Amino acid sequence: DVEVLRSPTAFHDRLVRGIAGAKDHVSLSTLYFGTDTEREHRVFQELRNAAKRGVRVRVLCDAPRAGRRGQDKKTIVDHLAHYLGDCAAASVSLYQTPRTKGLLKSLVMGRPPYSEILGVCHMKAYVFDDEVLVSGANLNERYFTTRQDRYVSVRSPELAERTLAVIRAVGRHSFQLSGSGALREPPCGLSPLRLATAAPFSQSLHDGLKEAALSETGGSGEPNSLGDDEGMAWVFPLVQNGSVNWRQDEQAVSAFLGELAKGDAVQLSSGYLNLTSTIEQGLLGSGATVDFLMPAPSANGFFSSPKGSPKQYIPFVYQHLAIEAVERMQQQRRRRMGDMGRASEDATGIRLHEYERPGWQFHAKGIWYSPAKEPELEGPLATFVGSPNYGYRSQDKDLELELCILAGCGDLRRRLRDEVDGLFRFSSRTEPSQQKRPKSEPLISLSSKLCRKWL
């Protein structure tokens, strides 16, 4: 019932096979689609094929991001209209954050990619009948080939219905794509772009997410249990949208960290590591050992940005933020140990690793938890997997979804161990105190301070 996929090609294969094999409904929520390659167009074509054979097809993606143009000068909206515009069984919803007011709105709205600063639809959930494929991966070529992410498939009618309810709730509050390619107002009757309706819109979306997340179809907030007594797993779907003050995921992760004990082991991975103070203090206060995994600058998706573009500094800003956080945590751990500097970085139990694999980028995010006093080979007892990066964007601005999975059987725990070991296999330890600083360090340091709450 729970399958852990390991590679981008396996993700693409499962996605295509899931759409092609669906009999009742397909619902995809993603930040964006790729529009240039054969693999990317295969996804569009399978969606069209499904709709034409009578399968209910729902697509949810981010409105500002869908306005970007590809190599063919067409937008994602253009391609969605081309493939699905004449399909009566298909609907396309384009989410627009309600955080669009004031001076910042006037500066960035209608100017992609800057308009995405305010917040985006970042949840990646792909539903085919009773199967839910949750990931941090979007639907473009790099995510299908050489950008490493995480991918977990769960077969559960209850989880599929809960996830579908969330997608429908957001869809009711999103612009709708007509067959001609024009955008219609959200079905909820409120616009996120009008100052007069922004507050009622936010409240309506908050209430819609609450109803979907706690719906009776999913068990009033209870986890979905899978398997028999000997092979049980429990799955908690968690949604976050800080822009409308729906903070289910934030509260769940905070509560989880609050239950950690000394000697427990935590591994936390993020493609964009910028820990919130809540997560940082939760990890620090637990006494658990913590291994962070992030991309080396060369494995960050922004590394190849054009010279002269502000985006070329993004990998180094995230590296700077991660090193600062790890140094803070190590120093505080030393003070709590009663050691004013003599303890090694290893002795603090706080370690940073950077993923670097030639030709690959790293985008995997998640948490793995292994309790103390259990054999290391047993594998993680719990994992969080989905779209959040555990930073301030995920907490306060973007629409996110992840699963908390409790593994009650040894087989699933061993598969989670193989997954996390496979990610760390391409990493090396980074010693913050010995890290070489780039020549642009003053600019990176300043940018980190100015942008931390936006990343």
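What counts as what
Residues numbered from 1 in each chain as written. Predicted model: local features only at pLDDT ≥ 70, side-chain atom pairs only at ≥ 80, totals over all residues. Heavy atoms only, no water. Buried < 20%, exposed > 50% of the residue type's maximum accessible area, 1.4 Å probe, protein only. Helix = DSSP H or I, 4+ residues; strand = E, 2+ residues; numbered from the N terminus. Pairing = 2+ DSSP bridges. Axes fitted to C-alpha atoms, helices over the stretch in contact; angles between N-to-C directions. Parallel < 35°, antiparallel > 145°, perpendicular 65-115°, else oblique. Left-handed = near helix turned anticlockwise from the far one by under 90°. Contact = heavy atoms within 4.5 Å. Nonpolar A, V, L, I, M, F, W, Y, C, P; charged D, E, K, R; others polar. Salt bridge = Lys/Arg side-chain N within 4 Å of Asp/Glu carboxyl O. Polar contact = N/O pair within 3.5 Å; in protein donor to acceptor, adjacent residues only side chain to side chain. 1 Å grid on protein atoms, 1.4 Å probe; cavity = no way out; pocket = protein on both sides within 12 Å on 5 of 7 lines; lining within 4 Å. Points joined across faces, edges and corners; volume = space filled by probe spheres on them.

Chemist: In this structure, what is going on with the pairing of strand β8 (residues 151-155)? I would like to understand it.
Modeler: Two faces, one strand: in a regular strand the side chains alternate between the faces of the sheet. Taking burial as the measure, the five residues of β8 include four buried ones, the bulk of the element. Pairing of strand β1 (residues 2-5) with β8, which is carried by four bridges, proceeds in the antiparallel orientation. Paired with E3 across the two strands is S153, which belongs to β8. Where strand β6 (residues 131-135) and β8 come together, five bridges link them in antiparallel fashion. Bridge pairing links V132 to V154 in β8.

Chemist: Sorry, what's going on with the packing of helix α7 (residues 157-172) against helix α8 (residues 195-213) here?
Modeler: Working note: a packed helix pair is described by the angle between its axes plus the distance between those axes. Where α7 meets α8, the axes come as close as 8 Å, and the angle between the chain directions of the two elements is 170 degrees. Classified by the angle between their axes, α7 and α8 sit roughly antiparallel to one another. Where α7 crosses over α8, the handedness of that crossing is right-handed. Across the interface between the two elements, R162, A165, V166, A169 and V170 from α7 touch L205, G208, L209, A212 and A213 from α8. Within the contact of α7 with α8, the residues separate by chemical class into eight nonpolar, one polar and one charged.

Chemist: Just to check I follow, could you spell out the pairing of strand β4 (residues 90-95) for this structure?
Modeler: Burial runs high along β4: six of the six residues are buried. Neither face of β4 is left uncovered, since the one carrying A90, V92 and L94 and the one carrying S91, S93 and Y95 both have all their residues buried. Where strand β3 (residues 56-62) and β4 come together, six bridges link them in parallel fashion. The residue bridging D62 from the neighbouring strand is Y95, located in β4. As judged from the two bridges shared by β4 and strand β9 (residues 175-177), these two strands associate in the antiparallel manner. Each bridged residue has a counterpart across the sheet, and for L94 the counterpart in β9 is F175.

Chemist: Explain the sheet that holds β8 here, please?
Modeler: Within a beta sheet, neighbouring strands are joined by backbone hydrogen bonds and run either parallel or antiparallel to one another. In space, the nine strands of this open sheet follow the order β1-β8-β6-β5-β2-β3-β4-β9-β10, with mixed pairing throughout. Where the open sheet ends on each side, the last strands, each with one partner, are β1 and β10 (183-184). Examined bridge by bridge, strand β2 (residues 25-29) and β3 share five bridges and lie parallel to one another. Pairing of L28 across the sheet is with V59, part of β3. On top of the sheet, helix α1 (residues 8-21) reaches β1, β2, β5 (125-128), β6 and β8; it is set at about 40 degrees to β5, its chief contact.

Chemist: For this particular structure, what's the right way to read the pattern of salt bridges?
Modeler: Opposite charge on two side chains makes pairing possible when the charged atoms of those side chains draw close. This structure, assessed with the given rule, holds 18 salt bridges. Here K52 and D86 are joined by a salt bridge, their closest N and O atoms 3.7 Å apart. Placement of the pair is K52 in helix α2 (residues 38-52) and D86 in the loop between α4 (76-84) and β4, with a sequence separation of 34 residues.

Chemist: What am I meant to see in unusual backbone geometry here?
Modeler: The residue K73 is not glycine, and still its phi comes out positive at about 70 degrees. With respect to the helices and strands, the residue K73 is situated in the loop between α3 (63-66) and α4. The backbone of D129 sits at a positive phi, close to 55 degrees, despite the residue not being glycine. By the secondary structure assignment, D129 is in the loop between β5 and β6.

Chemist: What's the story with the environment of D36 in this structure? I'm lost.
Modeler: With respect to the helices and strands, the residue D36 is situated in the loop between β2 and α2. Taking the C-alpha atoms as reference, D36 lies 6.9 Å from G70; in sequence the two are 34 residues apart. Ignoring any residue separated from it by four or fewer positions in sequence, one finds D36 in contact with H41, G70, Q71 and D72. A polar contact of 3.2 Å, which involves the side chain of D36, links it to the backbone nitrogen of Q71.

Chemist: Would you explain empty space enclosed by the protein in this entry?
Modeler: Over the atoms rolls a probe the size of a water molecule, and its path tells where empty space is left. In the structure shown here, the tally under the stated rule is two cavities of 30 Å³ or more. Taken together, 14 residues form the lining of the largest cavity, with D249, E250, I279, Y390 and Q395 sitting closest to its centre. Taken together, the elements giving at least two residues each to the lining of the largest cavity come down to α9 (248-258), α10 (277-286) and α13 (392-396). Sorting elements by how many residues they give to the lining of the largest cavity places α9 first, with four residues. A per-class count over the lining of the largest cavity returns four nonpolar, seven polar and three charged.

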